[in-house]
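# Tertiary structure, described
Now for the letters of each chain:
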Amino acid sequence: MAVKVEKLKVNYKTLEEFKKFKEYGVQELSMLEDLQANIIENDSESPFYGIYFGDTLIARMSLYQREARFDQYFDPPQNYLELWKLEVLPKYQDKGYGSMLVEFAKGFGLPIKTNSRIKSQGFWEKMGFEAVTYDVERDLGENPLVWYPAGVKEQKIG
């Protein structure tokens, strides 16, 4: 069965699919609140992407584009993507679906910023992400990881 990453529609069907993730014990990763905050029937500007296996949503992420004027991570400053809440249902983990989502995001050709969750640092490193020099004011207790496309490097602090 061929699987592909697709943009998820912000609708009640997707909301029902998102509830399945919570039922599988990944409450801290749930995108339910995001979806409820953005609910417009079949909104085509959804920040959500996912992978279906048959009729079941098995993996998902939020992908937000940030404008260059807010860029504090990349040199030269530019539009970049912020990848949030990447998760794969437990039954489908370790089968490459998370990697498919990350590779899809890289396909936009923009730098990417994310924050790793507990025990996920190794996954992000395997995907080519690296830690940035920590800045207490910018990072506010988070430990951002970034992916640099060709010609982009870390922005110097200060």
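Residues numbered from 1 in each chain as written. Predicted model: local features only at pLDDT ≥ 70, side-chain atom pairs only at ≥ 80, totals over all residues. Heavy atoms only, no water.

Attention shifts here to the overall build of the protein chain. For the protein chain, the count of helices and strands is five helices and nine strands. The linear arrangement of helices and strands in the protein chain, starting from the amino end, is β-α-α-β-β-β-β-α-β-α-β-α-β-β. Considering the protein chain as a whole, with its 158 residues, one finds that 47% of them fall into the buried category. Sequence separation of at least 24 residues holds for 64% of the intrachain contacts in the protein chain that already meet a minimum separation of 6. (Helix = DSSP H or I, 4+ residues; strand = E, 2+ residues; numbered from the N terminus. Buried < 20%, exposed > 50% of the residue type's maximum accessible area, 1.4 Å probe, protein only. Contact = heavy atoms within 4.5 Å.)

In the structure shown here, the tally under the stated rule is 11 aromatic pairs. Between phenylalanine 53 and tyrosine 92 the ring centres are 5.7 Å apart and the planes differ by 50 degrees, which places this aromatic pair in the tilted class. Highlighted residues: phenylalanine 53 in strand β2 (residues 48–53) and tyrosine 92 in the loop between β5 (80–88) and α3 (97–106), separated in sequence by 39 residues. Classification of tyrosine 92 as buried rests on a relative accessible area of 14%. On the basis of an interplanar angle of 70 degrees and a centroid distance of 4.9 Å, the ring pair of tryptophan 124 and phenylalanine 129 is categorised as edge-to-face. Side by side, tryptophan 124 and phenylalanine 129 carry an identical accessibility label, which is buried. (Phe/Tyr/Trp six-rings, centres within 6.5 Å; stacked < 30°, edge-to-face > 60°.)

A few words now on the sheet that holds β2. Read from one edge to the other, the open sheet built from seven strands follows the order β1-β2-β3-β5-β6-β8-β7, with strand pairing classed as mixed. With partners counted over all chains shown, the strands left at the sheet margins are β1 (5–7) and β7 (130–131), one partner each. Sitting on the sheet, α3 touches β1, β2, β3 (56–66), β5, β6 (112–115) and β8 (144–147), and the angle it makes with β3 is about 30 degrees. (Pairing = 2+ DSSP bridges. Axes fitted to C-alpha atoms, helices over the stretch in contact; angles between N-to-C directions.)

With that settled, consider α3. The element α3 is extensively covered by neighbouring structure, given that seven of its 10 residues are classed as buried. Within α3 the residues assigned to the buried category are Tyr97, Gly98, Ser99, Leu101, Val102, Ala105 and Lys106.

Judged by nonpolar contacts, the single largest core of 24 residues is most densely connected at Met61, Leu83 and Phe129. Counting only elements with at least two residues in this core, the list comes to β2, β3, β5, α3 and β8. Leaving out residues up to four positions away in the same chain, phenylalanine 129 has contacts with Val102, Lys106, Ile112, Thr114, Trp124, Leu145, Val146 and Trp147. Membership of the second largest hydrophobic core comes to seven residues, among which are Phe74, Val132, Val146 and Val152. (Core = buried A, V, L, I, M, F, W, Y, C linked by side-chain atoms within 4.5 Å.)

For the rest of this paragraph, the subject is the confidence of the model for the protein chain. Any residue range with low pLDDT should be treated as having predicted coordinates unsuitable for detailed reading. Confidence in the prediction for the protein chain averages 84 pLDDT; 81% of positions are at 70 or higher. Looking at the elements of the protein chain, mean pLDDT is at its lowest for helix α2 (residues 32–37), recorded as 62, and at its highest for α3, recorded as 97. Across residues 23–30, where pLDDT falls below 50, the model places 14 contacts with residues more than four positions away in sequence or in other chains. (pLDDT = per-residue confidence, 0-100.)

Turning next to the pattern of salt bridges. Two side chains carrying opposite charge are able to pair once their charged atoms lie near each other. Across all of its chains, the model carries nine salt bridges by this definition. Notably, a salt bridge pairs glutamate 87 with arginine 60, separated by 2.5 Å at the nearest N-O pair. With a gap of 27 residues between them, glutamate 87 in strand β5 and arginine 60 in strand β3 connect regions that are remote in the sequence. Note on accessibility: glutamate 87 and arginine 60 belong to one class, buried. Salt bridges linked by common partners bring Arg66, Glu82, Lys113 and Glu142 together as one network. (Salt bridge = Lys/Arg side-chain N within 4 Å of Asp/Glu carboxyl O.)

Cis geometry marks the peptide bond from aspartate 75 to proline 76, where omega comes out at 5 degrees. Locating proline 76 in the fold gives a position in the loop between β4 (74–75) and β5. One non-glycine residue with positive phi stands out, namely lysine 85, at about 50 degrees. Inspection of the secondary structure assignment puts lysine 85 in strand β5. Even without being glycine, aspartate 94 reaches a positive phi, approximately 65 degrees. Here aspartate 94 shows up in the loop between β5 and α3. Relative accessible area serves as the criterion here: at 84%, aspartate 94 is assigned to the exposed category.

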